[in-house]
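Fold and contact review
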Amino acid sequence: MSAASSHPAPQPDPAVRPADRRVSARIGAIAESATLAVDAKAKALKAAGRPVIGFGAGEPDFPTPDYIVEAAVQACREPRFHRYTPAGGLPELKKAIAEKTLRDSGWQVDPAQVLVTNGGKQAIYEAFAAILDPGDEVIVPAPYWTTYPESIQLAGGVPVEVVADETTGYKVSVEQLEAARTEQTKVLLFVSPSNPTGAVYTRDEAEAIGRWAVEHGLWVLTDEIYEHLVYGDAQFHSLPVLVPELADKCIVVNGVAKTYAMTGWRVGWLIGPQDVVKAAANLQSHATSNVSNVAQVAALTAVS
Ligand SMILES: Cc1ncc(COP(=O)(O)O)c(C=O)c1O
């Protein structure tokens, strides 16, 4: 098993006057999304007539179901859906997301714990921004989806990789996590089903990890966007359901992109404790305001 490795935050060159620096150290350190880059390349090759199958972006290869598209068409015709919504999302969508979460995961949450975001991606960024202070460490099981470390670093945090390989089906153990834990550790990132490995933790494995997080008072950000993409005997389990004691320090990220073939509509959400959700909503209110009103109606139709 490989040891943990960490990536400290980039610092500006103190020898250079601020006015003579161009792109900030923080933003300059962000790599282009490798997923989107490889996806663009695959699409260009396909357009040129090459027989390419893209394994880059996680994108269903069928269109959004008709009844969802129809709801959006109707919403386009109604002026009330041409306006801003509350920054945190349409109240009816937040309610429907809470109901969907109970239905699909067995987790009872209040709509006030839901923040509707521009895709799961914005939820991940805002969740880390809401809870990380500079230097806080986030344990990131690897191989990972490339957005995670960038979001963590943008928020001032330090991603600490814990590598899992094929000998464990690309799943990390509590022992590995414990070896990576330091006094600076604040958050564990938990993704099951995982992108890119497809690994799905069993109930016992996930529960043991959740209990370890509770034992050490750690936060968990758990990305459940692939909850319905499980095959064979694999079963999805939601961490705050397996370990209810975790709920006060657990943020769940999800969205309509994968389950409902709605990648381009850009609707995701985070669910968490109300103080964190409020902080993330404040951030979003200044950054992007609400998610497209019409897209929220489409998402409401999907999750209902
Ligand atoms: C693991 C994982 N989480 C979150 C997302 C974000 O999805 P979106 O922002 O399209 O909702 C993706 C997209 O590829 C993903 O692979």
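Residues numbered from 1 in each chain as written. Predicted model: local features only at pLDDT ≥ 70, side-chain atom pairs only at ≥ 80, totals over all residues. Heavy atoms only, no water.

Across its full length, the protein carries eleven helices and eight strands. On C-alpha atoms alone, the protein measures out to a radius of gyration of 20 Å, which is about the 19 Å that the 2.2 N^0.38 rule sets for 304 residues. For the protein, the residues scored as buried account for 46% of the 304 residues in total. Residue pairs in contact within the protein that sit at least 24 positions apart in sequence constitute 73% of those at least 6 positions apart. On the protein, roughly 14900 Å² of surface is accessible, and the fraction owed to carbon and sulfur atoms is 55%. Between the mean site of the 25 positive side-chain charges and the mean site of the 35 negative ones, the protein shows a separation of 9 Å. (Helix = DSSP H or I, 4+ residues; strand = E, 2+ residues; numbered from the N terminus. Rg over C-alpha atoms; globule rule 2.2 N^0.38 Å. Buried < 20%, exposed > 50% of the residue type's maximum accessible area, 1.4 Å probe, protein only. Contact = heavy atoms within 4.5 Å. Areas by Shrake-Rupley, 256 points an atom, 1.4 Å probe, with all protein chains shown as cover. Lys, Arg positive; Asp, Glu negative; His and termini not counted. Charge placed at Lys NZ, Arg CZ, Asp CG, Glu CD.)

Another aspect to go through is the packing of aromatic side chains. Under the counting rule described, the total for this entry stands at two aromatic pairs. Aromatic side chains Trp 145 and Tyr 148 sit 5.3 Å apart centroid to centroid with 80° between the ring planes, which places their arrangement in the edge-to-face category. In this pair, the class of Trp 145 matches that of Tyr 148, namely buried. The residue whose ring lies beneath Lys 171 is Tyr 201, and the NZ or CZ to ring-centre distance is 6.0 Å. (Phe/Tyr/Trp six-rings, centres within 6.5 Å; stacked < 30°, edge-to-face > 60°. Lys NZ or Arg CZ within 6 Å of the ring centre and 35° of its normal.)

Attention now moves to the nonpolar core. Ranked by internal contacts, the top residues of the largest apolar core, which has 50 residues, are Leu 93, Val 256, Val 267 and Ile 271. Ranked by residue count, the leading element in this core is helix α11 (residues 293-303), at eight residues. In contact with Ile 271, not counting residues within four places along its chain, are Ile 97, Thr 101, Trp 107, Val 109, Gln 113, Val 114, Cys 250, Ile 251 and Val 252. The next biggest cluster of nonpolar side chains, apart from the first, holds 25 residues, and it includes Leu 115, Ala 123, Leu 132 and Leu 221. (Core = buried A, V, L, I, M, F, W, Y, C linked by side-chain atoms within 4.5 Å.)

What follows deals with the packing of helix α4 (residues 91-105) against α11. Running from N to C, α4 and α11 cross one another at 30°; their axes reach a closest spacing of 9 Å. Between α4 and α11, the angle is such that the two are roughly parallel. Considering how the two elements wind past one another, α4 and α11 form a crossing that is left-handed. On α11, the residues touching Glu 92, Leu 93, Ala 96, Ile 97, Lys 100 and Arg 103 of α4 are Gln 296, Ala 299, Leu 300 and Val 303. For the contact of α4 with α11, the residue count by class is six nonpolar, one polar and three charged. (Axes fitted to C-alpha atoms, helices over the stretch in contact; angles between N-to-C directions. Parallel < 35°, antiparallel > 145°, perpendicular 65-115°, else oblique. Left-handed = near helix turned anticlockwise from the far one by under 90°. Nonpolar A, V, L, I, M, F, W, Y, C, P; charged D, E, K, R; others polar.)

Our next topic: the domain arrangement of the protein. How big an interface is tends to be expressed through the accessible area that disappears when the partners come together. Splitting the protein by domain gives domain 1 (31-61) and domain 2 (63-303). Domain 1 and domain 2 are separated by 24 Å when their C-alpha centres are compared. Each partner contributes to the interface: domain 1 provides eight residues, whereas domain 2 provides nine residues. The junction of domain 1 with domain 2 conceals about 630 Å² of combined surface from both sides, 44% of it contributed by carbon and sulfur atoms. Our count for the domain 1 to domain 2 interface comes out at one residue pair in polar contact (both at pLDDT 80 or more). (Domains from an automatic or database assignment. Buried area = accessible area lost by both parts, 1.4 Å probe. Polar contact = N/O pair within 3.5 Å; in protein donor to acceptor, adjacent residues only side chain to side chain.)

Looking now at a nonpolar patch on the surface. Together, Val 23, Ile 27 and Ile 30 make up a nonpolar patch on the protein surface, roughly 250 Å² of accessible area in all. Among the structural elements, Val 23 can be located in the loop between β1 (5-6) and α1 (25-28). (Patch = residues over 30% accessible without salt bridge, like charges linked within 9 Å, V, L, I, M, F, W, Y side chains within 5 Å. Salt bridge = Lys/Arg side-chain N within 4 Å of Asp/Glu carboxyl O.)

This part is about the pattern of salt bridges. Taken as a whole, this structure holds twelve salt bridges when the rule is applied. The residue Arg 17 makes a salt bridge to Asp 20 at a minimum N-O spacing of 2.9 Å. Relative accessible area serves as the criterion here: at 47%, Asp 20 is assigned to the partly exposed category. The salt bridge involving Lys 43 is made with Asp 39; its shortest N-O contact spans 2.9 Å. In this pair, Lys 43 and Asp 39 both sit in helix α2 (residues 34-47), four residues apart, roughly one turn of the helix. For Lys 43, a relative accessible area of 46% puts it in the partly exposed group. One salt-bridge network, in which partners are shared between bridges, spans Lys 100, Arg 103, Asp 104 and Glu 227.

Next up on the list: the site of the ligand. Around the ligand, a shell composed of Gly 119, Gly 120, Lys 121, Trp 145, Tyr 148, Asn 195, Asp 223, Ile 225, Tyr 226, Ala 257, Lys 258 and Arg 266 is seen. Between Lys 121 and the ligand, the recorded distance is 3.0 Å, taken from a backbone N or O atom to an oxygen atom. At 2.7 Å from an oxygen atom of the ligand is found a side-chain nitrogen or oxygen belonging to Arg 266. In the complex, the protein chains occlude 94% of the 390 Å² of accessible area that the ligand would expose alone. The element that contributes the greatest number of residues to the shell around the ligand is helix α5 (residues 119-131), accounting for three residues. (Near = heavy atom within 4 Å.)

Let us now look at the environment of Ala 9. Mapped onto the elements of the fold, Ala 9 is located in the loop between β1 and α1. The class of Ala 9 is partly exposed, set by a relative accessible area of 28%. Separated by 164 residues in sequence, Ala 9 and Ser 173 place their C-alpha atoms 26 Å apart.

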